[in-house]
Amino acid sequence: MDAATLTYDTLRFEYEDFPETKEPVWILGRKYSVFTEKEEILLDVTSRLWFTYRKNFPAIGGTGPTSDTGWGCMLRCGQMIFAQALVCRHLGRDWRWIKGKRQMDNYFNVLNAFIDKKDSYYSIHQIAQMGVGEGKSIGQWYGPNTVAQVLRKLATFDTWSSLAVHIAMDNTVVMEEIRRLCQSNVPCAGAAACPALESDVLYNGCPEDVGLRERLSPWKPLVLLIPLRLGLTEINEAYIETLKHCFMMPQSLGVIGGKPNSAHYFIGYVGEELIYLDPHTTQPAVEPSDSGCLPDESFHCQHPPCRMNIAELDPSIAVGFFCNTEADFNDWCQQIKKLSLVRGALPMFELVERQPSHFSNPDVLNLTPDSSDADRLERFFDSEDEDFEILSL
């Protein structure tokens, strides 16, 4: 059997079902019981978009790689966390994927935005080529901060989703900065509140005539990504409870991280184990059928998800949240403030009202980055560039 076409099951050998435990299972802000809601848990997991290594897609840049096996795992995890934001934006958190059931057009609009071709907004091609501006060669491994920075830049071209993407710098979330980013009069196009028409023609993952139906909205939906380092070589136990609470928030998009040079998309936890989707499976690239239909079963993980002990997590991660409305953001801020009062939960980042004077503005778009802030964070957050010196006082 060709190693590049091994199925997920043959790579992982077997999958353990969820443990029979009284501990609740948390999946992206939803609480479940293993005893009474196991089917609901698996359906929620299966409904997440699952992006893995692919082979035989069009060459990146025309002459580059035709597969991302061995180097694209963090790029695929970035796609998964961002796809979850688009699902929440256009379909809602309660949306579910059921095998064989016809899905609404907006679902395929979202999926098309990630297909492996050069003109899809968030394709492996776009991420890899935009990463060159962040100092990454095509085919080079990314850390969580790099993929977050690249996705922020790519999102500016996605007028259908019209997202405000904020990367929190220096372990600090500045509320004033985010409100300024989100509260301008912005176009609302193709979102759940403005559904696409059944007759829309798809182009690059969105309706081609989207510009004709723009409406003004007082709040631009927010994707908040927070690159963090929770220890030197292993996660500091003091952060574990705080990290768990992030999965309990309804605004949760999950976490991207994993082990050194092996990235995963974490979507929840049970007890002391993180629940994750693993991109380390090579599948053939997907092409639309002759009828124009996109086969989608390989984009959904149809078996129990993987689990790992939270103490094994590499300390370099990025945490994601989605706030569709200003009320969602205000609620998130209140939850973060309350979390700081929980005994035994050390805050992973600081929430402040105004930007400290020494901060630069991370939301100024720079599509030809020179990039002082990004480079500085790259050196600090990306595990492949770690080089620490322990100083004695």
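All values derive from a computational prediction rather than experimental measurement.

Caption draft 1: Representation of the pattern of salt bridges. All chains considered together, the criterion is met by 15 salt bridges. In this structure, Arg93 engages Asp44 in a salt bridge whose closest nitrogen and oxygen atoms are separated by 2.9 Å. In this pair, Arg93 is assigned in the loop between α3 (73-90) and α4 (105-112) and Asp44 in helix α2 (residues 38-47), connecting sequence segments 49 residues apart. In this pair, the class of Arg93 matches that of Asp44, namely buried. Among the salt bridges present, the one from Lys99 reaches Glu297, with a minimum N-O distance of 3.8 Å. Of this pair, Lys99 sits in the loop between α3 and α4 while Glu297 sits in the loop between β14 (282-284) and β15 (306-309), placing them 198 residues apart in sequence. The structure contains a network of salt bridges with shared partners spanning Asp44, Arg48, Arg93 and Arg96.

Caption draft 2: Inspection of the environment of Cys182 at higher detail. Looking at the element boundaries, Cys182 is found in helix α7 (residues 175-182). Spatially, the C-alpha atom of Cys182 lies 8.6 Å from that of Leu163, the residues being 19 residues apart in sequence. Filtering out sequence-adjacent residues up to four positions away, Cys182 remains in contact with Ala164, Pro218, Trp219, Lys220 and Leu222.

Caption draft 3: Just the pairing of strand β13 (residues 273-277), in detail. Burial analysis of β13 places 4 of its 5 residues in the buried class, the great majority of the element. Across 5 bridges, the pairing between strand β12 (residues 262-270) and β13 is antiparallel. Along β13, the bridge assignment pairs Val270 with Glu273. Where β12 folds back onto β13 in an antiparallel hairpin, the turn is made up of 2 residues, including Gly271, whose phi is positive at roughly 60°. Two elements, β13 and β15, share 4 bridges in a ladder whose sense is antiparallel. By the bridge assignment for β15, Leu274 is matched with Met308.

Caption draft 4: How the structure looks around the nonpolar core. Core analysis: the biggest nonpolar cluster contains 72 residues, and Val25, Leu49, Phe82, Phe114, Tyr122, Val223 and Tyr265 have the highest contact counts within it. Here the element with the most residues in this core is α3; it accounts for 12 residues. The residues contacting Phe114, other than those within four sequence positions of it, are Phe51, Gln79, Phe82, Ala83, Leu86, Ser120, Tyr122 and Ser123. In this structure, Trp26, Leu222, Ile240 and Met308 belong to the second largest nonpolar core, which totals 42 residues.

Caption draft 5: Summary view of the packing of aromatic side chains. Within the structure shown, the criterion is met by 13 aromatic pairs. Taken together, a centroid distance of 5.0 Å and an interplanar angle of 50° make the contact between Phe82 and Tyr122 tilted. Placement of the pair is Phe82 in helix α3 and Tyr122 in the loop between α4 and α5 (124-131), with a sequence separation of 40 residues. One exposure class covers both Phe82 and Tyr122, and it is buried. Clustering of aromatic rings is evident, with ring pairs tying together Phe51, Phe82, Phe114, Tyr121, Tyr122 and Phe299.

Caption draft 6: The packing of α3 against α5, seen in detail. Two numbers describe how α3 lies on α5: the axes approach to 10 Å, and their chain directions differ by 115°. Relative to α5, α3 is oriented so that their crossing is right-handed. Between α3 and α5, the contacting residues are Leu75, Arg76 and Gln79 on the first element and Ile124, Ile127 and Ala128 on the second.

Caption draft 7: Representation of the pairing of strand β11 (residues 252-259) within the structure. For β11, the tally of buried residues reaches 7 of 8 residues, placing the bulk of the element in the interior. By the bridge criterion, 5 bridges tie β11 to β12 in an arrangement that is antiparallel. What sits directly across from Ile256, in β12, is Tyr265.

Caption draft 8: View of the side chain of Asp278. Inspection of the secondary structure puts Asp278 in the loop between β13 and β14. By relative accessible area, Asp278 is classed as buried at 3%. Within the structure, Asp278 has its side chain in polar contact with the side chain of His280 (distance 2.5 Å).

The rules behind the values
- Position numbers for residues count from 1 along each chain, tracking the sequence in the order it is written.
- In keeping with the model being predicted, local features are shown solely for residues with a pLDDT of at least 70 and side-chain atom pairs are shown and tallied solely at 80 or more, while totals for entire chains, interfaces and linings include all residues.
- Only hydrogens and water are set aside; all other atoms, that is, all heavy atoms of the structure, feed into the side-chain values.
- Definition used for salt bridges: Asp or Glu carboxyl oxygen within 4 Å of a side-chain nitrogen of Lys or Arg.
- The helix count covers DSSP runs of H or I at least four residues long, the strand count covers runs of E at least two residues long, and both are numbered beginning at the N terminus.
- In this scheme, a residue with accessible area under 20% of its type's maximum is buried, one over 50% is exposed, and one in between is partly exposed, where area comes from a 1.4 Å probe on protein chains only.
- For this analysis, residues touch if any pair of their heavy atoms sits within 4.5 Å.
- By definition, two strands form a pair when at least two bridges between them are found by DSSP.
- Buried Ala, Val, Leu, Ile, Met, Phe, Trp, Tyr and Cys residues form a nonpolar core when they are joined through side-chain atoms within 4.5 Å.
- A pair of aromatic rings is counted whenever rings of Phe, Tyr or Trp (Trp by its six-membered ring) have centres within 6.5 Å, and the orientation is called stacked for planes under 30 degrees apart, edge-to-face for over 60 and tilted otherwise.
- Between N-to-C directions, angles cover 0 to 180 degrees, with each direction set by a line fitted to C-alpha atoms, over the stretch in contact for helices.
- Each helix crossing is assigned a hand: it is left-handed if the near helix lies turned anticlockwise from the far helix by less than a right angle, otherwise right-handed if that turn is clockwise.
- N or O atoms within 3.5 Å of each other form a polar contact, as long as, within protein, one can give a hydrogen and the other can take it, and as long as residues adjacent in sequence are counted only when both atoms are side-chain atoms.

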